[in-house]
Amino acid sequence: MFAAERRQLILEMVRANGAVSLRELARVVQTSEVTVRRDVRALEAEGLLDRRHGGAVLPGGFTRESGFPQKSHLATAEKTAIADLAANFVEEGEAIVVGAGTTTQELARRLARVPGLTVVTNSLLVAQALAHANRVEVVMTGGTLRGSNYALVGSGAEQSLHGLRVSRAFLSGSGLTAERGLSTSNMLSASVDRALVQAAAEVVVLADHGKLGTDTMFQTVPTDLITRLVTDEPPAHDDRAGAELQALADQGVQIAVAGGQGGSAGAGGPGAGGDAHPARQQQRRDVPLPGPRRQVPGGGGAAGGLRSAAMLGEQGAGAERARVADLRRR
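Here goes a summary of the coordinates provided. Treat the numbers as computed from the prediction; the structure is a model and nothing was measured.

What follows deals with the overall build of the protein chain. For the protein chain, the count of helices and strands is 12 helices and 16 strands. Here the protein chain holds 330 residues, and the buried ones make up 51% of them. Relative to all contacts within the protein chain whose residues are 6 or more apart in sequence, the contacts with residues 24 or more apart total 67%. Carbon and sulfur atoms form 51% of the exposed surface of the protein chain, whose accessible area is close to 14,600 Å².

Quick look at the structure:
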């Protein structure tokens, strides 16, 4: 196949799917990933597509969002490493919220081993990963199913989170910059993510280095509300990702890097805050965490039960709102 034919086929695949991994492109055009990477670089120079780590996407990331089938094949090794490290920041008996996304789905698979955990989520994929975990309780939001990423969105999802309070939120997105924070390409998803943030004392963002420096249409978490970023080690030649990490650290975001020296250490241990990179070290921002989890009448404490988030939020809603407001003022 001539180069022009390969590039035309690559372009057609990206246009049809929104995003395609280099591995899949190489398989279809029957050539090496090195050759495909060169073709993708040439097509990007013509403005016909955008390169992403491990793949290619349609240009204009502000308006187009890839669906789950495409996202699930991008940066899989990086997502696995990030999930392994992020799981170290979850403690036994904790109550957390986990947003939708392929990286958070990887995290959920690891959380199945944490005893006494309560996970509130709007993601069917996260709930599915934890459905058979005997020692984990899964609480689903309400809402309307968004089929492209198997997430519950809309006013029903947001209202079910009112009055809820957990220790931390784990979120992903389409892009992350020091200027705007975490962002996504879909308005409904962004709105639910903001509600998840309001329910948590700390916010942990999971983003592979390919998302660093990428800005998309709807802001979900401003930089000053991000407690920690869990990411992977950018390649040495990726100046944009390295600069973005430094800028985030300069604004007080704790950086935990998977794959670096000490990057796989547990929470609070060596490397848990990105200690492999002295320039990125930050003083820990201590955020008051809620007390022990309340027992919900009628819940029975059954492990693995699925209940509405609204049931949790009805108790002490007024007091919790006051606590949230106080935390935000700090």
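Moving on, we come to the packing of helix α2 (residues 22-29) against helix α3 (residues 33-45). Close contact between α2 and α3 brings their axes to 9 Å; oriented N to C, the two are set at 105°. Judged on the interaxial angle alone, α3 and α2 are roughly perpendicular. Packed against α2, whose contacting residues are Leu22, Arg23, Leu25, Ala26 and Val29, the element α3 presents Glu33, Val36, Arg37 and Val40 at the interface. Looking at the contact of α2 with α3 residue by residue, the classes come out as 6 nonpolar, no polar and 3 charged.

The next subject is the pattern of salt bridges. Two side chains that carry opposite charge are able to pair once their charged atoms sit near each other. Scanning the entire structure with this criterion turns up 10 salt bridges. With a shortest N-O distance of 2.7 Å, arginine 51 and glutamate 44 are connected by a salt bridge. Given the relative accessible area of 35%, arginine 51 is considered partly exposed. The exposure class of glutamate 44 is partly exposed, given its relative accessible area of 27%. The salt bridge involving aspartate 215 is made with arginine 180; its shortest N-O contact spans 2.5 Å. Linking aspartate 215 in the loop between β12 (200-206) and β13 (218-221) with arginine 180 in the loop between β10 (175-177) and β11 (181-184), this pair joins segments that are 35 residues apart in sequence. By relative accessible area, arginine 180 is classed as partly exposed at 22%.

Scoring rules and cut-offs
- Note on numbering: residues in each chain are counted from 1, in written sequence order.
- Residue-level local features of this predicted model are given only where pLDDT is at least 70; pairs of side-chain atoms are given and counted only at 80 or more, and the full residue set underlies all totals for whole chains, interfaces and linings.
- Only hydrogens and water are set aside when side-chain values are computed; all heavy atoms of the structure are taken into account.
- Elements are defined by DSSP. Helices are runs of H or I of four residues or more, strands are runs of E of two residues or more, and each kind is numbered from the N terminus.
- When accessible area is computed with a 1.4 Å probe and restricted to protein chains, residues below 20% of their type maximum are described as buried, those above 50% as exposed, and intermediate ones as partly exposed.
- We call two residues in contact when some of their heavy atoms are within 4.5 Å.
- All accessible-area figures derive from a Shrake-Rupley calculation using a 1.4 Å probe, and residue coverage is judged against the displayed protein chains alone.
- In this analysis an axis means a line fitted to C-alpha atoms, helices contributing only their contacting stretch, and an angle means the value between N-to-C directions, from 0 to 180 degrees.
- Here the word oblique covers every angle except those under 35 degrees (roughly parallel), over 145 (roughly antiparallel) and from 65 to 115 (roughly perpendicular).
- Residues are sorted three ways: Asp, Glu, Lys and Arg are charged, Ala, Val, Leu, Ile, Met, Phe, Trp, Tyr, Cys and Pro are nonpolar, and all the rest, Gly among them, are polar.
- By definition here, a salt bridge exists when the distance from a side-chain nitrogen of Lys or Arg to a carboxyl oxygen of Asp or Glu is within 4 Å.

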